[in-house]
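Architecture and fold: a report
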Amino acid sequence: MVECLLNNRGESDFGSVAAAHSAILDQIVEMDENLMEKYLGGEEPNYEAMHAPFEKAMDEAHVIPICFADAKTGVGIPELLDTIVRHYPSPLEGNMPPFLHGEGAEERPYPVAEDSNKTLIAHVFKVTTDPFIGKLAIFRVHQGKAAGTRR
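Structure report, in brief. Positions within a chain are numbered from 1, following the residues in the order the chain's sequence is written. For a predicted model such as this one, the threshold for reporting local features is a pLDDT of at least 70, and the threshold for listing and counting side-chain atom pairs is 80 or more; totals across whole chains, interfaces and linings nevertheless cover every residue. Neither water nor hydrogens contribute to the side-chain values; these are computed over all heavy atoms in the structure.

This part is about the nonpolar core. What we call a nonpolar core is a set of buried Ala, Val, Leu, Ile, Met, Phe, Trp, Tyr and Cys residues that are connected through their side-chain atoms within 4.5 Å. We call a residue buried when its accessible area falls under 20% of the maximum for its residue type, exposed when it is over 50%, and partly exposed in between, using a 1.4 Å probe and counting protein chains only. Among the nonpolar cores identified, the biggest contains 13 residues, and L5, I28, M50, F54 and V63 are the most heavily contacted of them. The leading source of residues in this core is helix 3 (residues 47-59), at five residues. In what follows, residue pairs with any heavy atoms lying within 4.5 Å of each other are defined as contacts. With sequence-adjacent residues up to four places away left out, V63 is seen in contact with Q27, I28, F54, A57 and M58. Runs of E in the DSSP output that reach at least two residues are strands. Runs of H or I that reach at least four are helices, and both are numbered from the N terminus.

Structure, rendered in structure tokens:
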């Protein structure tokens, strides 16, 4: 596994890491004129300067990150998780659809804050049945915290 956004050294089965690094930077700097001027002037942008343009490039599908991993052997999983945490926008930065409270004409947006002390708001995105533990719900917590309980 080679991280090409912040690393420009090494080789891979797909070619030069430096070439991949340059191609990624070329796409990211197009999102910010000031960053592009510095880059074209020969200055390598630091991560803090690239973070917002990188997120904008992902939002507009100008850049599509590709991460290789193997769930069976675990190869690349730590790197994939690090990439998600480090480079992807948090749920509060993304285009999260509003949570709604009430019914019919009474329906109104429910404010969500990244606060573990507030009421739990979670999105169940998969329900499966395990022969040993029964039904298993996989969810993403948007607010609050879920206690690790089994029933």
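A patch consists of residues whose relative accessible area exceeds 30% and which take part in no salt bridge; residues with like charges are grouped when within 9 Å of each other, and nonpolar side chains (Val, Leu, Ile, Met, Phe, Trp, Tyr) when within 5 Å. To be clear on the numbers: accessible area is Shrake-Rupley with a 1.4 Å probe, and residue cover counts the displayed protein chains and nothing else. The working definition used for a salt bridge is a side-chain nitrogen of Lys or Arg within 4 Å of a carboxyl oxygen of Asp or Glu. On the surface, a nonpolar cluster with roughly 620 Å² of combined accessible area is contributed by M1, F14, I66, F68 and V75. Tracing the sequence through the fold places M1 in the segment before strand 1 (11-12). The exposure class assigned to M1 is exposed, which follows from its relative accessible area of 51%.

Before going further, it helps to examine helix 3. The end-to-end C-alpha separation of helix 3 is 18 Å, in line with the 18 Å expected for 13 residues at 1.5 Å each. Taken together, the buried positions of helix 3 are occupied by Y47, M50, P53, F54, E55, A57 and M58. On its buried face, helix 3 is in contact with helix 1 (17-29), helix 2 (33-40) and helix 4 (77-87). In this scheme, a helix's expected span is set at 1.5 Å multiplied by one less than its residue total.

On to the environment of L25, then. Tracing the backbone through its elements, the reader meets L25 in helix 1. Spatially, the C-alpha atoms of L25 and C4 are 9.6 Å apart, while their sequence positions differ by 21 residues. Sequence-distant contacts of L25, that is, excluding residues within four places in its chain, are made with Y39, E44, P45 and M50.

Moving on to the environment of I66. Looking at the secondary structure, you find I66 in the loop between helix 3 and helix 4. Classification of I66 by relative accessible area gives exposed; the value is 65%. Along the chain, I66 and L80 lie 14 residues apart, while their C-alpha atoms are 9.5 Å from each other.

Side-chain rings of Phe, Tyr and Trp, where Trp is taken by its six-membered ring, are said to pair if the distance between their centres is within 6.5 Å; with planes under 30 degrees apart they count as stacked, over 60 as edge-to-face, and otherwise as tilted. One pass over the structure, following the stated rule, counts zero aromatic pairs. Sitting above the plane of the Y47 ring, R86 keeps its charged end 5.5 Å from the centroid. A ring is considered to have a charge above it if a Lys NZ or an Arg CZ atom is located within 6 Å of its centre and within 35 degrees of its normal.

It is worth spelling out unusual backbone geometry at this point. Of note in this structure, A61 is not a glycine but carries a positive phi near 55 degrees. Turning to its location among the elements, A61 is positioned in the loop between helix 3 and helix 4. The class for A61 is exposed, based on a relative accessible area of 51%.

Another point: the pairing of strand 6 (residues 134-143). By this definition, two strands are paired if DSSP reports at least two bridges between them. Pairing geometry for strand 5 (residues 121-130) and strand 6, over nine bridges, is antiparallel. Each residue of the ladder has a partner; that of H123, found in strand 6, is R140. Count of turn residues in the strand 5/strand 6 antiparallel hairpin: three residues.

What follows covers the environment of L100. As for its position among the elements, L100 is in strand 3 (residues 99-101). Between the alpha carbons of L100 and S12 there is a distance of 47 Å; along the sequence they are 88 residues apart. Discounting chain neighbours no more than four positions away, the residues touching L100 are E107, R108, P109 and Y110.

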